[in-house]
Amino acid sequence: MKKKIEDINKELDSFAPSNPDEVEQFRINMLGKKGQITLLLSDFRDVPSEEKKEIGQLINLLKNKAIDLIESSKISFKNSSSKGETIDLSLQQEIIEMGSRHPISLIKNELFTIFQKLGFSLSEGPEIEDDWHVFSALNFPKEHPARDMQDTFFIEKSPDILLRTHTSSVQVRTMESQKLPIRVICPGRVFRNEAISARAHCIFHQVEGLYIDKGVSFADLKQTLLFFSRELFGHDTNIRLRPSFFPFTEPSAEMDVSCKLCGGKGCSVCKHTGWLEILGCGMVDPTVLELNNIDSKQYSGYAFGMGLERIAMLKYGVKDLRLYFENDIRFLNIFKNYL
Ligand code: DAH
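Residues numbered from 1 in each chain as written. Predicted model: local features only at pLDDT ≥ 70, side-chain atom pairs only at ≥ 80, totals over all residues. Heavy atoms only, no water.

**Q** Even after reading the chapter, I still don't get the packing of helix H8 (residues 218-233) against helix H10 (residues 308-316), so can you show me in this structure?
**A** The angle between the axes and the distance between the axes are what describe a pair of packed helices. As a packed pair, H8 and H10 sit with axes 11 Å apart at the nearest point and diverge in direction by 45 degrees. One element, H8, and the other, H10, form an angle in the oblique class. The segment H8 lies against H10, with Phe228, Leu232 and Phe233 engaging Ile311, Leu314 and Lys315. (Axes fitted to C-alpha atoms, helices over the stretch in contact; angles between N-to-C directions. Helix = DSSP H or I, 4+ residues; strand = E, 2+ residues; numbered from the N terminus. Parallel < 35°, antiparallel > 145°, perpendicular 65-115°, else oblique. Contact = heavy atoms within 4.5 Å.)

Put into structure tokens, the structure is as follows:
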């Protein structure tokens, strides 16, 4: 009997299963109905009574050792088979940070919504343009100092290919391609050869507006701009128009809105004038209509153009233009709550 116990003990010591099936086989072989340890227990009856105590203890130890061995082998196979797939429900979920819209997009979307209410639709044109669409068709005479108003990035000379300096070029493209009446707003990037500072950049965004129909007057322009300014800056906003010059409009004006910060009383933002300049506008010069094959005796129109960075600066209190282009997450996060 002792010899049998010793042999089985050796078998337990050398047990090294390579898969769960071998563990199960081993269990049946040791502890199953006809297992070696089970048989030892039934043979125990025949052990002489003076040896019973000693043999009984040995068999119990052997049985417990076999059970421990089988259980620990099962556990180790279970852990290794589920490697990589373990689902730890207590793990902290990774937080997905919501992004924000860029302030220029916010302003652009807001302008769309306002002008859509007045029946304006969207029109877009290329950033790489020719002399005709940016200057000549807008009544900038060749060699005229008006061209110096906007320092241009040229890509090629004669014929002139250049980066558009204003979105007024889209007015020309729209007059070429659309039937009258025309009522569009044209957003886009523009480029000027300027030194970069807190107040100027060589790339910025403009939105252009153009309305051409029979009987369009300056009063229509003024009413449209008043509606737009009040929608954008609040219903207590006032506007004023100052005479100005643009080659493509006659008469031309620059428009100021009453300063929201001081309520028109004067502060450092409005340079103590109570007014902030936000756009250029005017009646489309009849020469421009004719240059674009529109009969200026039948049709008239107005146009306006504004810089989006400047409007976003006023609306959101941004003090440095360069912030719009740096993609600094701390700056962009400020706009998380705007839609
Ligand atoms: N194109 C002008 C600029 O970039 C802005 C402008 C002024 C646009 C008057 C217009 C306008 O349509 O009528 O400075």
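**Q** In this structure, what is going on with the packing of aromatic side chains? I would like to understand it.
**A** According to the stated counting rule, one finds 15 aromatic pairs in the structure shown. Measuring from centroid to centroid gives 5.0 Å for tyrosine 316 and tyrosine 338, while their planes differ by 65 degrees, and the two rings are edge-to-face. Note that tyrosine 316 is positioned in helix H10 and tyrosine 338 in the segment after helix H12 (329-332), a separation of 22 residues in sequence. Where phenylalanine 331 meets phenylalanine 335, the ring centres are 5.3 Å apart and the plane angle is 75 degrees; that geometry is what we call edge-to-face. Considered together, phenylalanine 331 and phenylalanine 335 belong to a single accessibility category, that of buried residues. Every member of this aromatic cluster is reached through a ring pair, and the members are Phe115, Phe120, Tyr211, Phe228, Tyr302 and Phe304. Over the ring of phenylalanine 44 we find lysine 52, and its NZ or CZ is 5.5 Å from the ring centre. One cation-aromatic arrangement involves arginine 183 over phenylalanine 120; the distance from NZ or CZ to the ring centre is 5.9 Å. (Phe/Tyr/Trp six-rings, centres within 6.5 Å; stacked < 30°, edge-to-face > 60°. Buried < 20%, exposed > 50% of the residue type's maximum accessible area, 1.4 Å probe, protein only. Lys NZ or Arg CZ within 6 Å of the ring centre and 35° of its normal.)

**Q** Where do I start with the confidence of the model for the protein in this structure?
**A** Low pLDDT means the predicted atomic positions in that stretch should not be read closely. Mean pLDDT over the protein stands at 91; residues scoring 70 or higher make up 97%. Averaged over each element, pLDDT in the protein is lowest for helix H4 (residues 49-81) (85) and highest for strand S10 (residues 300-307) (98). (pLDDT = per-residue confidence, 0-100.)

**Q** I keep staring at the site of the ligand and nothing clicks. Help me out?
**A** Surveying the vicinity of the ligand reveals 16 residues, the closest of which are His166, Ser168, Arg192, Gln206 and Glu208. Between the ligand and the protein, one listed contact pairs an oxygen atom with a side-chain N or O atom of glutamate 208 at 2.5 Å. A total of 360 Å² of accessible area belongs to the ligand in isolation, and the protein chains cover 91% of it. Counting residues per element, the ones that place at least two in the shell around the ligand are helix H7 (168-177), strand S6 (203-213), strand S9 (275-284) and S10. Its residues placed into classes, the shell around the ligand shows 5 nonpolar, 9 polar and 2 charged. (Near = heavy atom within 4 Å. Polar contact = N/O pair within 3.5 Å; in protein donor to acceptor, adjacent residues only side chain to side chain. Areas by Shrake-Rupley, 256 points an atom, 1.4 Å probe, with all protein chains shown as cover. Nonpolar A, V, L, I, M, F, W, Y, C, P; charged D, E, K, R; others polar.)

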